[in-house]
Amino acid sequence: MECVGEERLRTRRDAAHVLPDICDHNPRSFHPVFETTFVGDGFVNCTLNVLYTLPPIIFVDPYELSNRAYSFQHLGPSNLELPVAAVANEDATLLLSTPWVPEDNPRVFELPLHVRYGPVGKTEGLGFVQTDLKWPDAFFACPDASSSSDTLPLIPPSLVAPFATSSIFIVGTPPDAVPIETLRTPVGTTADVATVELGTAVVVLASFSYLVRVARRTVKRLSTTTVSAKED
Amino acid sequence: MLSLLSFRHVLVFSIIIRVGLILYSEWHDARSVVKYTDVDYRVFSDAARFLLNAENRAQGPLGAKFAVGDPYTRETYRYTPLLALLLTPNEWLHPSFGKYLFAACDVLNGLLIYDLSLSSTSKDIAVLCSALHLLNPLVFAISTRGSSESVLSLFVLFTLYAALKGHWDIAAVALGLSTHWKIYPVIYGVACLGVIGHAGSARGWKAYWRALVNPQTVRFTALSASTFLCLSAACYSIWGYPFLYESYLYHLHRLDHRHNFSPYFYLIYLTYPALEPSAPLDLPLWNRLLRSPLTSFVPQMTLAIGAGFAFGRRKEYLVFTLFVQTVVFVVFNKVCTSQYFLWYLLLLPLLLPRLSMTRWKIALSVGVWVGTQALWLSEAYKLEFLGENVFFGLWIRGLLYVVGNCWVLAQVMDAYVVPSKAKI
């Protein structure tokens, strides 16, 4: 499948087994979209739940997600502005839920992601940092508590309560799949610090001096012109 | 009569454009993942919603008494709570109310520009000046996308309007309101003082000092400062420390590490304080000086305030002075996005009749101004959406942006013609 528009990470899973459909290019934009497609029959009156584990370099905007057609719960670092060096080194957890409508499939979950500026590299040259993003765990939660022997995937205790009386049906992955997407993000390098520091200061101070000179010239011209006008 | 009809045409056309774009934005956003509406509009709207929700209590001493919510619950809302208050009809009237409000401010700005231009130029030129604002794609795109810059522009223009009409008390209050809305208009106070005190007629330092410090200038300063303090005190009493921090204190210490026009972004990113520093840095003095905020702040404020003192001496120079002050503030700021350009583009239509430039110089200046932005934007696209490592190249383009804009400003200063027998 071709990559369309902005970088998309695509996986495709159905209720029986997973059919991965991976984008050709390693996503490198700072705003990739993680797209997961579910195809399947049955599971009437159930909710489909998709659990993401996001490494610190990746974050979601909860305000952006609130405009989507699914509900969500988010735990962990959520700051929208800091680089990765300034946030806690812990993963965030995101659980998306939506009622499953068997007629309305394949059902596509689009999760807009954002990438923080990564850790500054220590070597010269163009640096990148690779981040592995695990495929989300997915499961159906159905009202009849006795009809399945599956148990919840590993999720934070605070997210367990809504599923206490539900039957859980795990959406599996095929045994030969590598359920990891890889993000490749450009990073700055400390080798640039000296040049950037000095270069910025020199240009700013030179521009400052230039404008001071022009301003003085303008003040003199305006004063002279005003005096001449008065004398006239 | 012909010119009056032409201005009406400009006005009507500009209103049609804005209403059309707002209606289009609703249609587009409902169908596309890539939104026409600016992210900031969502921030304002969310803040307005939080403000209406009294359960989410405002944290000031009088917050409970007024039963209003806290707009600062919304992450990244760093504006006066009055903006969220203005946009509360987004919740109970229509989600696009704010856009219509911003567009209306645009149109009012156009009216003010027309009226001010009429005072010193012919009707045809006045129509052209107002059209430069009202029909400027950057202006109507920004307001219809939901950016609130037009509100501050209205306050700034009104300050200028009142000053040029000699209504200094009103100008003082408007300046205080502008400064409450965003801090940077405080720099205009210096220019106003020089004009009030007729500094242009002062000969020698003593006379200049008397021009700056006299009963009229003290009155202006007191009125302006009181307006700012009263508004801030009222907001603090209701919304507490979050208002103080998000509206003002945050901006004193902000570190904008993500790419923007300012070349400072890359150094900020490379030296961003880590949450868990690995080892204390022991930098030599010259390093610490180069990294000090003073290296950026001193040139910026020296030029911005210095231009106010240097040029703010006659009422006829006021538009030129404010323009120069604003450009240097924006160019030397540690962060700069496209919206900042509106701060000085607002004043350009009023300044243009006072510039004497050859067509070649005009074309070159416009070319450099646009070209440096285009150079930067093309590289920024590669970084943001293609993930190419172009940090260093983007920094170089940031330097070109600074140099290019300084050169253009120098051309404007050299081209400025003393207004003779101005009607103002």
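Rules used throughout
- Residues numbered from 1 in each chain as written.
- Chains lettered and ligands numbered in written order.
- Predicted model: local features only at pLDDT ≥ 70, side-chain atom pairs only at ≥ 80, totals over all residues.
- Heavy atoms only, no water.
- Helix = DSSP H or I, 4+ residues; strand = E, 2+ residues; numbered from the N terminus.
- Buried < 20%, exposed > 50% of the residue type's maximum accessible area, 1.4 Å probe, protein only.
- Contact = heavy atoms within 4.5 Å.
- Areas by Shrake-Rupley, 256 points an atom, 1.4 Å probe, with all protein chains shown as cover.
- Expected span 1.5 Å × (residues − 1).
- Buried area = accessible area lost by both parts, 1.4 Å probe.
- Salt bridge = Lys/Arg side-chain N within 4 Å of Asp/Glu carboxyl O.
- Polar contact = N/O pair within 3.5 Å; in protein donor to acceptor, adjacent residues only side chain to side chain.
- pLDDT = per-residue confidence, 0-100.
- Phe/Tyr/Trp six-rings, centres within 6.5 Å; stacked < 30°, edge-to-face > 60°.
- Lys NZ or Arg CZ within 6 Å of the ring centre and 35° of its normal.
- Disulfide = S-S within 2.5 Å.
- Axes fitted to C-alpha atoms, helices over the stretch in contact; angles between N-to-C directions.
- Parallel < 35°, antiparallel > 145°, perpendicular 65-115°, else oblique.
- Nonpolar A, V, L, I, M, F, W, Y, C, P; charged D, E, K, R; others polar.
- Pairing = 2+ DSSP bridges.
- UniProt positions renumbered as here; feature names shortened; annotations may be inferred.
- Patch = residues over 30% accessible without salt bridge, like charges linked within 9 Å, V, L, I, M, F, W, Y side chains within 5 Å.

1. Quick look at the overall build of chain A
Link 1 in the chain: When helices and strands are counted, chain A shows two helices and twelve strands.
Link 2 in the chain: Going through the 232 residues of chain A one by one, you find that 47% of them count as buried.
Link 3 in the chain: At a minimum sequence separation of 6, the contacts of chain A that also span at least 24 residues come to 77%.
Link 4 in the chain: Accessible surface, chain A as shown: approximately 11,000 Å² in total, 55% of it carbon and sulfur.

2. Let's talk about helix α17 (residues 318-331) of chain B
Link 1 in the chain: Taking 1.5 Å as the rise per residue, α17 of chain B with 14 residues should run 20 Å; its terminal C-alpha atoms sit 20 Å apart, in good agreement.
Link 2 in the chain: α17 of chain B sits mainly inside the fold: 14 of its 14 residues count as buried.

3. Here we look at the interface of chain B and chain A
Link 1 in the chain: At the interface, 62 residues of chain B touch 62 residues of chain A.
Link 2 in the chain: Considering only the surface of chain B that becomes buried against chain A, Arg258, Tyr269 and Asn389 of chain B emerge as the three largest contributors, covering 12% of it.
Link 3 in the chain: At the surface where chain B touches chain A, the tally comes to three salt bridges.
Link 4 in the chain: A salt bridge links Asp414 of chain B to Arg217 of chain A; its shortest N-O distance comes to 2.7 Å.
Link 5 in the chain: On inspection of chain B and its partner chain A, the count reaches 18 residue pairs in polar contact (both at pLDDT 80 or more).
Link 6 in the chain: Elements supplying a minimum of two residues to the side of chain B that touches chain A: α2 (39-52), α14 (264-270), α15 (285-291), α16 (294-311), α17, α20 (359-386) and α21 (391-415) of chain B.

4. Some remarks on the confidence of the model for chain A
Residues and elements named next belong to chain A.
Link 1 in the chain: Looking at chain A, pLDDT values average 80 and 81% of them are 70 or higher.
Link 2 in the chain: Averaged over each element, pLDDT in chain A is lowest for strand β1 (residues 8-14) (48) and highest for strand β4 (residues 58-59) (94).
Link 3 in the chain: Of the regions scoring below 50 in pLDDT, residues 1-8 engages in 23 contacts with residues more than four places distant in sequence or in other chains.
Link 4 in the chain: Low confidence marks residues 12-26, where pLDDT is under 50. Its contacts with residues over four positions away, or in another chain, come to 49 contacts.

5. A few points about unusual backbone geometry
Residues and elements named next belong to chain B.
Link 1 in the chain: Even without being glycine, Ala67 reaches a positive phi, approximately 50 degrees.
Link 2 in the chain: Mapped onto the elements of the fold, Ala67 is located in the loop between α3 (63-66) and α4 (81-86).
Link 3 in the chain: In this structure, Thr76 takes a positive phi of about 75 degrees despite not being glycine.
Link 4 in the chain: Inspection of the secondary structure puts Thr76 in the loop between α3 and α4.

6. Quick look at the packing of aromatic side chains
Link 1 in the chain: In the structure shown here, the tally under the stated rule is 44 aromatic pairs over all chains.
Link 2 in the chain: Aromatic pair Phe228 of chain B and Tyr248 of chain B: ring centres 5.6 Å apart, planes at 50 degrees, arrangement tilted.
Link 3 in the chain: What makes Tyr248 of chain B buried here is its relative accessible area of 9%.
Link 4 in the chain: For the ring pair Phe261 of chain B and Phe341 of chain B, a centre distance of 5.3 Å and an interplane angle of 50 degrees mean the geometry is tilted. Taken together, the positions of Phe261 of chain B in the loop between α13 (215-253) and α14 and Phe341 of chain B in helix α18 (residues 338-345) put the pair 80 residues apart, joining distant regions of the chain.
Link 5 in the chain: Assessed through its relative accessible area of 2%, Phe261 of chain B is described here as buried.
Link 6 in the chain: Against the face of Tyr63 of chain A rests Arg74 of chain B, its NZ or CZ located 3.4 Å from the ring centre.

7. Digging into the state of the cysteines
Residue and element names in this part refer to chain B.
Link 1 in the chain: Under the criterion given, the structure shown has one disulfide over all chains.
Link 2 in the chain: Of all cysteine sulfurs in the structure, the one in Cys230 sits closest to Cys192, which takes part in no disulfide; the separation is 19 Å.
Link 3 in the chain: Cys336 provides the cysteine sulfur closest to Cys406, a residue in no disulfide bond, and the two sulfurs are 12 Å apart.

8. Some words on the packing of helix α6 (residues 97-120) of chain B against helix α8 (residues 137-144) of chain B
Residue and element names in this part refer to chain B.
Link 1 in the chain: It is at 8 Å that the axes of α6 and α8 come closest, and there the two elements cross at 155 degrees. Taken together, the axes of α6 and α8 are roughly antiparallel relative to one another. Judged by residue contacts, Lys99, Phe102, Ala103 and Asp106 of α6 engage Val139, Phe140, Ser143 and Thr144 from α8.
Link 2 in the chain: When its residues are assigned to classes, the contact of α6 with α8 shows four nonpolar, two polar and two charged.

9. Considering the sheet that holds strand β5 (residues 71-75) of chain A
Residue and element names in this part refer to chain A.
Link 1 in the chain: On the basis of which strands lie adjacent, the open sheet formed by five strands has the order β5-β6-β3-β10-β11 and antiparallel pairing. This sheet does not close on itself; its edge strands, each paired only once, are β5 and β11 (167-171). On average, adjacent strands in this sheet sit at an angle of 20 degrees to one another, irrespective of strand direction.
Link 2 in the chain: Note: strand β3 (residues 47-54) against strand β10 (residues 137-142), five bridges, orientation antiparallel. The residue of β10 that forms the bridge with Leu48 is Phe140.

10. Remarks on the pattern of salt bridges
Residues and elements named next belong to chain B.
Link 1 in the chain: Here the structure, examined in full by the defined rule, presents 17 salt bridges over all chains.
Link 2 in the chain: Between Arg254 and Asp256 there is a salt bridge whose closest N-O contact spans 2.8 Å.
Link 3 in the chain: One salt-bridge network, held together by shared partners, links Asp46, Arg49, Arg74 and Glu91.

11. Describing the side chain of Asn389 of chain B
Link 1 in the chain: Positionally, Asn389 of chain B belongs in the loop between α20 and α21.
Link 2 in the chain: Under the relative-accessibility criterion, Asn389 of chain B is labelled buried at 12%.
Link 3 in the chain: At 2.6 Å, the side chain of Asn389 of chain B and the backbone oxygen of Gly127 of chain A are in polar contact.

12. A word on the confidence of the model for chain B
All names here are of chain B.
Link 1 in the chain: The share of residues in chain B with pLDDT of 70 or more is 96%, and the mean pLDDT across the chain is 92.
Link 2 in the chain: When mean pLDDT is compared element by element in chain B, helix α10 (residues 168-181) scores highest at 98, while α15 scores lowest at 73.
Link 3 in the chain: If you check the scores for this complex, the pTM reads 0.90 and the ipTM reads 0.92.

13. Observations regarding the UniProt feature "transmembrane region" (unreviewed entry) in chain A
Link 1 in the chain: In this numbering, the UniProt entry assigns the feature "transmembrane region" (unreviewed entry) to residues 193-212 of chain A.
Link 2 in the chain: For residues 193-212 of chain A, the end-to-end C-alpha separation is 28 Å, with 100% helix and 0% strand making up the annotated structure.

14. Things to note about the UniProt feature "transmembrane region" (unreviewed entry) in chain B
Link 1 in the chain: Here the UniProt-annotated "transmembrane region" (unreviewed entry) positions come out as residues 6-25, 154-177, 183-200, 220-244, 293-311, 317-348, 360-378 and 398-418 of chain B.
Link 2 in the chain: Helix makes up 100% of residues 6-25 of chain B and strand 0%, with an end-to-end C-alpha separation of 28 Å.

15. Regarding a nonpolar patch on the surface
All names here are of chain B.
Link 1 in the chain: A contiguous nonpolar surface patch, about 310 Å² in accessible area, is contributed by Ile15, Val19, Leu23 and Tyr100.
Link 2 in the chain: Of the residues forming the nonpolar patch, the biggest block, three residues, is contributed by helix α1 (residues 2-31).
Link 3 in the chain: Positionally, Leu23 belongs in helix α1.

16. Details of the environment of Arg254 of chain B
Residue and element names in this part refer to chain B.
Link 1 in the chain: Turning to its location among the elements, Arg254 is positioned in the loop between α13 and α14.
Link 2 in the chain: Classification of Arg254 as partly exposed rests on a relative accessible area of 26%.
Link 3 in the chain: Distance from Arg254 to Thr221, taken between C-alpha atoms, is 28 Å for residues 33 residues apart in sequence.
Link 4 in the chain: Contact partners of Arg254, with chain neighbours within four places excluded, come to Val335 and Tyr340.

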